[in-house]
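# Structural features, examined
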Amino acid sequence: MSSFLPGDGSWFCGGRHHLDEALVDAELEQNVLVAELEVPDELVPEVAEGLSIEQRYWQIDIETGEHHENNSDLAYKASIAALESAGVEPDQVELIINATGTPDYPLPAVVNQVQEMLGIEKCATLEIRSGGAGWPQGMDIARFYLEQGSYETALVIGSESVSPVLAPIFLG
């Protein structure tokens, strides 16, 4: 038995900065306390170049610190987009795997919050506590269960919520 990826979806933070209103690094630098971090000026461009990051989507307003969305909100909205893209109804999902290094809370897991938001009463869930590498790991685990015949439909989510973690550092 083989598995395939019938759809995908994504969601970026809302609030003041929607998908078409990403924070560019220059705006971020104007609003955060980079000087207080005592980072050498020559290091900032070097790090930015190495990361290849030129814009970000923050879940908080960088001027007020107001929190707009949680990790579970982002994961849920990306899940809806992925399910719509695949032509799959939430009640058809038998397995949900979420990978995140930045959950809303220690418990409940983000994957269980998404399961509840999707209105799925019964399905297997697994949360991988990992950053960027977690999503491919989740895909491999889902592939294993699908090809084994344990489940017919899986939803794999990779969601990160770094801005609330960094806000106290950058916004003072």
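Look a little higher up for the structure.
Residue positions within a chain follow its written sequence, with the count starting from 1. The predicted origin of the model limits local features to residues at a pLDDT of at least 70 and limits the giving and counting of side-chain atom pairs to 80 or more, whereas totals for whole chains, interfaces and linings rest on all residues. Each side-chain value is derived from all of the structure's non-hydrogen atoms; neither hydrogens nor water enter the calculation.

### Points about the nonpolar core
Side chains of a nonpolar character, in soluble globular proteins, are inclined to be buried together. Of all hydrophobic cores here, the largest spans 15 residues; its most connected members are V93, I96, L118 and L155. Breaking this core down by element, the ones donating at least two residues are helix 3 (71-86), helix 4 (110-118) and strand 5 (154-158). The element contributing the most residues to this core is helix 4, with four residues. The criterion used for residue contact is that any of the two residues' heavy atoms lie within 4.5 Å. Residue contacts for L155: discarding those within four places in its chain leaves S79, A82, L83, V93, L95, I96, I97 and L118. Buried Ala, Val, Leu, Ile, Met, Phe, Trp, Tyr and Cys residues form a nonpolar core when they are joined through side-chain atoms within 4.5 Å. Accessibility here uses a 1.4 Å probe with only protein chains present; expressed as a share of the type maximum, an area under 20% marks a residue as buried, one over 50% as exposed, and anything in between as partly exposed. Ranked by size, the runner-up nonpolar core spans six residues in total, among them I97, A99, A142 and V156. Secondary structure follows DSSP: runs of H or I at least 4 residues long count as helices, runs of E at least 2 residues long count as strands, and numbering of each begins at the N terminus.

### Things to note about the environment of A82
Relative to the elements of secondary structure, A82 occurs in helix 3. Taking the relative accessible area as the measure of exposure, A82 reaches 12% and is therefore buried. Sequence separation between A82 and V156 is 74 residues; the distance between their C-alpha atoms is 9.3 Å. If we ignore the near neighbours within four places in the chain, the residues touching A82 are G7, D8, G9 and L155.

### Focus: the packing of aromatic side chains
Geometry of aromatic contacts follows a simple scheme: Phe, Tyr and Trp rings, the Trp one being its six-membered ring, pair when their centres are within 6.5 Å, and the pair is stacked under 30 degrees between planes, edge-to-face over 60, tilted otherwise. Considering all chains together, one arrives at two aromatic pairs under this definition. With a centroid separation of 5.5 Å and an interplanar angle of 70°, the aromatic rings of F144 and Y145 are classed as edge-to-face. Measuring from ring centre to ring centre gives 5.6 Å for Y145 and Y151, while their planes differ by 70°; the resulting arrangement is edge-to-face. Using a relative accessible area of 30% as the deciding quantity, one classes Y145 as partly exposed. Counting every residue linked through ring pairs, the aromatic cluster contains F144, Y145 and Y151.

### Points about the side chain of T102
Considering the arrangement of structural elements, one finds T102 in the loop between strand 3 (95-100) and helix 4. There is a polar contact of 2.9 Å between the side chain of T102 and the side chain of E160. For T102, the side chain forms a polar contact with the main-chain nitrogen of S161, separated by 2.6 Å. Excluding residues within four positions of it along the chain, T102 makes contact with N71, S159, E160, S161, V162 and V165. For the purposes of these results, a polar contact is taken to be a pair of N or O atoms within 3.5 Å, where, inside protein, one atom must be able to donate a hydrogen and its partner to accept one; residues adjacent in sequence count only when each atom of the pair is a side-chain atom.

### Things to note about the pattern of salt bridges
A side-chain nitrogen of Lys or Arg and a carboxyl oxygen of Asp or Glu constitute a salt bridge if their distance falls within 4 Å. This structure, assessed with the given rule, holds four salt bridges. Taking the shortest distance from any N to any O, the salt bridge between E69 and K77 comes out at 2.4 Å. Taking the shortest distance from any N to any O, the salt bridge between D140 and R143 comes out at 2.7 Å. Linking D140 with R143, this pair stays in helix 5 (residues 134-148), spanning three residues, or about one helical turn. Salt bridges sharing common partners tie together D140, R143 and E147.

### Brief notes about helix 5
Structural remark: α-helix, 3.6 residues per turn; residues separated by three or four positions point the same way. A helix's residues, less one, multiplied by 1.5 Å, set its expected span. The end-to-end C-alpha separation of helix 5 is 21 Å, in line with the 21 Å expected for 15 residues at 1.5 Å each. Regarding helix 5, the residues found buried are G134, G138, A142 and L146. The buried residues of helix 5 occupy one face: seen down the axis, they fall within an arc of 105°. In this structure, the buried side of helix 5 is in contact with strand 3, strand 4 (124-129) and strand 5. What the arc describes is the spread of directions from the helix axis to the C-beta atoms.

Fair warning: the whole summary comes from geometry, so function is off the table for now.
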